[in-house]
Amino acid sequence: MTTVWKFAKYDYCIFKSQARMLVVFLALAVYLACITDKGYAFGMLYGGFGAIVFVTTPFYYEQSLTGTRGFIGLLPGTNGQRVQGRFLFGNLIIMAYMTLNFLLMAAVSFLRKEVFPYMTEIYVLVMAITCIFNALQFTLMYFIELKPGQGQTYASLLRMVIPFAMFFGIPVLSDRLSSDQIRVLSDIWMRHSLSVSLAALLAALVFSAWMGWLCTLHENKKIG
């Protein structure tokens, strides 16, 4: 576990160069949730969108012209530990960022004397959804490996596929629900909102671990 943590910290050192950009997404997310009429859930979803764009930064550096894959391969540890460290890094960054997002939105809503219903539950649920999409994104980045000549442009396009699928796909999916389906889901949510949110987060972490295992098998197969 110590080696996994070291790989996560290594990815964080790469990520720090882009971390300042998350402040922009954070400010916009709070603005959308608390100032505009988009609503709290939309603001949290936008925050999740920003988070999973930037947690791919280690992949971006590995698959761009300035790649670091050769260096990370020299660090002591197995392929499984490298993959687990990256998934751990991604989940921790998302959780920390979404928690900061939640606290700022709570502070602004308090100052404006506004109350968002199910604020904590929505925060946990959106965090779970973000972790699921991030696991899919990391898996995509591991399985679709760019050649060095393809450069930064293609790497940048690849890292935007899953974030846009989450940000635009979830609203489209919710719009396609029938009135009966919305009524059933609303009833379940009002009765068991916290339990549903916590169960979703647990499922997201289990799913992330499973996808990490698949990526480990893939990485081992490449060198086998």
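Residues numbered from 1 in each chain as written. Predicted model: local features only at pLDDT ≥ 70, side-chain atom pairs only at ≥ 80, totals over all residues. Heavy atoms only, no water.

K.L.:
Help me understand the environment of Ile93, please; the structure alone is not making it clear to me.
P.N.:
As for its placement among the helices and strands, Ile93 is situated in helix 6 (residues 79-111). Along the primary structure Ile93 and Ala51 are separated by 42 residues, whereas in three dimensions their C-alpha atoms are 7.7 Å apart. Discounting residues that sit within four places of it in the chain, Ile93 has contacts with Tyr12, Phe15 and Val55. (Helix = DSSP H or I, 4+ residues; strand = E, 2+ residues; numbered from the N terminus. Contact = heavy atoms within 4.5 Å.)

K.L.:
Got a minute to help me understand the nonpolar core in this structure?
P.N.:
Proteins that are soluble and globular tend to have nonpolar side chains buried together. In terms of nonpolar packing, the biggest core is built from 53 residues, with Tyr40, Phe87, Ile94, Met98, Met105 and Tyr123 touching the most fellow members. Elements with a contribution of two residues or more to this core: helix 1 (2-19), helix 2 (21-34), helix 3 (40-54), helix 6, helix 7 (119-143), helix 9 (161-175) and helix 10 (179-223). Examining the composition of this core, we find that 13 residues originate from one element, helix 7, more than from any other. Those residues in contact with Tyr123, other than ones at most four positions away along the chain, are Tyr40, Met44, Met98, Thr99 and Phe102. (Core = buried A, V, L, I, M, F, W, Y, C linked by side-chain atoms within 4.5 Å. Buried < 20%, exposed > 50% of the residue type's maximum accessible area, 1.4 Å probe, protein only.)

K.L.:
Help me out: how do you make sense of the packing of aromatic side chains in this one?
P.N.:
By convention here, two paired aromatic rings are described through the distance between centres and the angle between planes. One pass over the structure, following the stated rule, counts 19 aromatic pairs. Ring geometry for Tyr46 versus Phe167: centroids 5.7 Å apart, planes at 70°, classification edge-to-face. Remark: Phe167 occurs in helix 9 and Tyr46 occurs in helix 3; sequence separation between them is 121 residues. For the pair formed by Tyr46 and Phe167, the shared burial category is buried. (Phe/Tyr/Trp six-rings, centres within 6.5 Å; stacked < 30°, edge-to-face > 60°.)

K.L.:
Just checking my understanding: could you explain the pattern of salt bridges for this structure?
P.N.:
When the charged atoms of two side chains with opposite charge come close together, those side chains can pair. On inspection of all chains with the given rule, the structure shows 3 salt bridges. A salt bridge links Glu114 to Arg112; its shortest N-O distance comes to 3.4 Å. Taking the relative accessible area as the measure of exposure, Arg112 reaches 40% and is therefore partly exposed. Among the salt bridges present, the one from Asp187 reaches Arg191, with a minimum N-O distance of 3.1 Å. Note that Asp187 and Arg191 are positioned in helix 10 at a spacing of 4 residues, about one turn of the helix. With relative accessibility at 62%, the residue Arg191 sits in the exposed group. (Salt bridge = Lys/Arg side-chain N within 4 Å of Asp/Glu carboxyl O.)

K.L.:
For this particular structure, what's the right way to read helix 7?
P.N.:
Side chains three or four residues apart in an α-helix point the same way, a direct result of the helix having 3.6 residues per turn. Compared with the 36 Å implied by 1.5 Å per residue over 25 residues, the 36 Å span of helix 7 between its first and last C-alpha is a close match. Among the 25 residues of helix 7, 18 are classified as buried, and the element is accordingly described as predominantly covered. (Expected span 1.5 Å × (residues − 1).)

K.L.:
Can you walk me through a nonpolar patch on the surface in this structure?
P.N.:
A cluster of nonpolar side chains, Val184, Leu185, Ile188 and Val196, forms an exposed patch at the surface whose accessible area comes to about 300 Å². For Ile188, the location among the structural elements is in helix 10. (Patch = residues over 30% accessible without salt bridge, like charges linked within 9 Å, V, L, I, M, F, W, Y side chains within 5 Å. Areas by Shrake-Rupley, 256 points an atom, 1.4 Å probe, with all protein chains shown as cover.)

K.L.:
How do you make sense of helix 6 when you look at a structure like this?
P.N.:
When the terminal C-alpha atoms of helix 6 are compared, their 48 Å separation across 33 residues agrees well with the 48 Å that a helix rising 1.5 Å per residue should span. One or two positions beyond helix 6, positive phi appears at Lys113, with a value near 55°.

K.L.:
Is there a simple way to explain the packing of helix 2 against helix 3 in this structure?
P.N.:
The relative placement of two packed helices is expressed as an angle between their axes plus a distance between the axes. In the contact formed by helix 2 and helix 3, the axes pass within 7 Å of each other and the chain directions differ by 170°. By the angle class used here, helix 2 and helix 3 are roughly antiparallel. Each of Met21, Leu22, Phe25, Leu28, Ala29, Leu32 and Ala33 in helix 2 lies in contact with helix 3, whose residues at this interface are Tyr40, Phe42, Gly43, Tyr46, Gly47, Phe49, Gly50, Ala51 and Phe54. (Axes fitted to C-alpha atoms, helices over the stretch in contact; angles between N-to-C directions. Parallel < 35°, antiparallel > 145°, perpendicular 65-115°, else oblique.)

K.L.:
Sorry, what's going on with the environment of Arg112 here?
P.N.:
Tracing the backbone through its elements, the reader meets Arg112 in the loop between helix 6 and helix 7. Spatially, the C-alpha atom of Arg112 lies 8.5 Å from that of Cys34, the residues being 78 residues apart in sequence. Beyond its immediate sequence surroundings of up to four residues, Arg112 is in contact with Cys34 and Ile35.

Function cannot be inferred from these measures alone, as they are strictly geometric.
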